[in-house]
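Descriptive structure summary
Below are the chains, spelled out letter by letter.
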Amino acid sequence: MNLPVRLAPDTRARFTAAEFLRMSEAGAFEGMKVELVAGELERMNPPMSPHAGAQASVVIRLGRVVPEAMLRGEVGIALGEDTVVACDAAVLSAPVDEHRLLRPLDLALVVEIAETTQARDLSLKRLLYAAAGIPTYWVVDSARAVIHVHADPIDGDYADIRTVRFGAPLPVPGTDAQVTLG
């Protein structure tokens, strides 16, 4: 009987955020949506039509109350030396003029559209964003017609977690305005 050969306890390739960005710029992930989490590549599902519609709706509604220089659609966020993720929408804490990945201090709000990624968005991404100190995180959950609102990151998780129904007003971080989603 042949047994698999183990060269080392962990032979997986791990990457830094800088290596990931160089590979991305060189076209290594052409046609793929990929994130880097704790040094490992994670392939993401391509956004489908309901996701794109929900994302556009969120960006348009935020755009009514947030200056254009403070709003981003799908954008990459560097969460450390070995983690780069993308969010579906973001409100910045101050304008970012340079061409680079966003950093946690750049962000007042991060939004994920949970059409097919709800479990990941409510667990892994929630913890990543909280550990990075991102002040507010929304998960738009069309299946339940709610927005999961996470605020006040403390010790790697959010202290304030609540659910808001579609159509109810949501305060937009960094502004005095509110939006309704759904």
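Not measured: the values here are computed from a predicted model.

What follows covers helix 3 (residues 118-132). Between its terminal C-alpha atoms helix 3 stretches 20 Å, which fits the 21 Å expected from 15 residues at 1.5 Å a residue. Of all the bends in helix 3, the largest measures some 35° and sits at Lys 125. Of the positions making up helix 3, those classed as buried are Arg 120, Asp 121, Lys 125, Arg 126, Leu 128, Tyr 129 and Ala 130. Count one or two residues on from helix 3 and you reach Gly 133, which has phi positive near 85°.

Val 58, Leu 62, Val 91, Val 111, Trp 138, Leu 170 and Leu 181 are the most contacted members of the largest nonpolar core, which totals 21 residues. Put simply, the parts of the chain that give this core at least two residues each are helix 2 (49-63), strand 6 (89-92), strand 7 (107-113), strand 8 (136-141) and strand 9 (146-154). Core analysis: the second largest hydrophobic core is formed by 20 residues, Ala 90, Leu 92, Leu 107 and Ala 130 among them.

Taken as a whole, the largest pocket encloses approximately 540 Å³ of empty space. Considering the residues around the largest pocket, the lining is formed by 22 residues, among which Leu 21, Ser 24, Gly 76, Val 84 and Leu 101 are closest to the centre. Counting only elements with at least two residues in the lining of the largest pocket, the list comes to helix 1 (17-25), strand 1 (33-37), strand 4 (75-80) and strand 5 (83-87). The biggest single contributor to the lining of the largest pocket is helix 1, with 4 residues. Each residue belonging to the lining of the largest pocket can be placed in one class, and the counts come to 12 nonpolar, 3 polar and 7 charged.

The next subject is the sheet that holds strand 3 (residues 71-72). Read from one edge to the other, the open sheet built from 6 strands follows the order 3-6-7-8-9-10, with strand pairing classed as mixed. Among the strands making up the open sheet, the edge pair consists of strand 3 and strand 10 (157-165). Pairing analysis gives 6 bridges linking strand 8 to strand 9, with the strands arranged antiparallel. Considered in strand 9, the bridge of Asp 141 is made with Val 146. Its contacts with the sheet place helix 2 against strand 3, strand 6, strand 7 and strand 8, and it is angled at close to 155° to strand 7.

What counts, and where the lines are drawn
- Residues numbered from 1 in each chain as written.
- Predicted model: local features only at pLDDT ≥ 70, side-chain atom pairs only at ≥ 80, totals over all residues.
- Heavy atoms only, no water.
- Helix = DSSP H or I, 4+ residues; strand = E, 2+ residues; numbered from the N terminus.
- Expected span 1.5 Å × (residues − 1).
- Bend = angle between axes of the 7 residues up to and from the residue.
- Buried < 20%, exposed > 50% of the residue type's maximum accessible area, 1.4 Å probe, protein only.
- Core = buried A, V, L, I, M, F, W, Y, C linked by side-chain atoms within 4.5 Å.
- 1 Å grid on protein atoms, 1.4 Å probe; cavity = no way out; pocket = protein on both sides within 12 Å on 5 of 7 lines; lining within 4 Å.
- Points joined across faces, edges and corners; volume = space filled by probe spheres on them.
- Nonpolar A, V, L, I, M, F, W, Y, C, P; charged D, E, K, R; others polar.
- Pairing = 2+ DSSP bridges.
- Contact = heavy atoms within 4.5 Å.
- Axes fitted to C-alpha atoms, helices over the stretch in contact; angles between N-to-C directions.

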